[in-house]
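Coordinate inspection notes
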Amino acid sequence: YFASSQDGLNWDDLNNNKPVLTSTLGEKGVRDPFIIRSPEGDKFYLIATDLKINGGNGWTAAQEDGSQALMVWESTDLVNWSDQRMVEVSADIDAGCTWAPEATYDPTTGEYVVYWASKVASDGYAKQRLYYAKTRDFYTFTEPQVFIDTQQSSIDTTIIYEDGMYYRYTKNEGGSMNEFGAPSKTIYAQKSDRLLGG
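All of the points below concern the structure found in this document. In this numbering scheme, every chain counts its residues from 1 along its sequence in written order. Given that the model is predicted, a residue must reach a pLDDT of at least 70 before its local features are reported, and side-chain atom pairs must reach 80 or more before they are shown or counted; all residues, however, enter totals for whole chains, interfaces and linings. Only hydrogens and water are set aside; all other atoms, that is, all heavy atoms of the structure, feed into the side-chain values.

What follows is about the pairing of strand β9 (residues 129-135). Any residue under 20% of the maximum accessible area for its type is buried, any over 50% is exposed, and the rest in between are partly exposed; the area is computed with a 1.4 Å probe on protein chains only. Segments assigned H or I by DSSP are reported as helices when at least four residues long, segments assigned E as strands when at least two residues long, and all are numbered from the N terminus. With six of its seven residues buried, β9 lies for the most part within the structure. Here strand β8 (residues 111-118) pairs with β9 via seven bridges, running antiparallel. When the bridges of β9 are listed, Ser118 appears paired with Arg129. Note: two strands are recorded as paired if DSSP finds a minimum of 2 bridges between them. Pairing between β9 and strand β10 (residues 145-148): three bridges, direction antiparallel. Across the sheet, Tyr131 pairs through a bridge with Val146, a residue of β10.

Listed below in structure tokens is the structure:
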């Protein structure tokens with residue numbers, strides 16, 4: 001479902017409050033949609049989680065035996081959309097899930113850095129980590145690499161670029177206290193002058 005706003009607070013339903021995009025691939029459910037505009041300004045990419053909980057096998061199965069793919073649509077005007085495609089990105093890490101993808105364009109390499117949260121088999125699906133892969137076209141992706149790995153689960157990262165700095169915000173998801181001495185279910189902020197920098 002799409003909506004539009006002039007101020008980010010008050011929203012109007014679009015398409016008579018009917019779905020604009022319906023998943024017909026994978027688990028036939030989508031969550032966590034994220035839209036990024038190409039640096040040239042002529043195309044939009046919508047990426048989303050392949051996940052259906054309602055009528056599915058529940059949260060544990062979704063985290064440990066869920067989809068290793070992202071759902072992708074393209075548009076030039078945010079009205080007309082391409083056919084849906086399913087792109088596997090996290091099989092190489094034996095992921096149990098591929099959740100809440102977002103992307104940031106890296107002008108130093110001309111690539112999009114796409115990042116998402118996954119639990120992996122190698123540690124018995126103990127916690128969510130953030131992984132990333134790079135792409136130029138949202139068809140082919142590099143092998144995934146660890147992006148954020150803290151003592152507890154981390155999910156739902158977003159990145160904003162402003163005045164030469166990248167600001168990365170991530171949700172801490174587990175335990176009673178995190179390594180920063182803050183209670184769980186908090187958001188921590190980091191900054192770097194490089195998208196994949198320290």
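There's plenty left to go through after this.
A few words now on the layout of surface pockets. Within this model, the largest pocket holds a volume of roughly 480 Å³. Of the grid points, spaced at 1 Å and generated over the protein atoms alone, those admitting a 1.4 Å probe that cannot get out make up cavities, while open sets with protein on both sides within 12 Å along at least five of seven lines make up pockets; any residue with an atom within 4 Å of a point is treated as lining. Lining the largest pocket we find 21 residues, and of these Tyr1, Phe2, Leu21, Pro33 and Leu46 sit closest to its centre. Every element with two or more residues in the lining of the largest pocket is listed here: β3 (30-37) and β4 (44-50). For the lining of the largest pocket, the element with the most residues is β3, which contributes five residues. Partitioned by chemical class, the residues of the lining of the largest pocket number 15 nonpolar, three polar and three charged. Taken as a whole, the second largest pocket holds about 220 Å³ of empty space. In terms of lining, the second largest pocket is formed by 13 residues, of which the most central are Trp59, Trp99, Ile155, Asp156 and Glu173. Elements with a contribution of two residues or more to the lining of the second largest pocket: β3, α1 (59-64), β7 (99-106) and β11 (154-162). Grid points are joined across faces, edges and corners, and a volume is the space filled by probe spheres set on the points. Polarity classes work like this: nonpolar for Ala, Val, Leu, Ile, Met, Phe, Trp, Tyr, Cys and Pro, charged for Asp, Glu, Lys and Arg, and polar for all others, with Gly in that last group.

The quantities given are spatial measurements derived from coordinates; they are silent on function.
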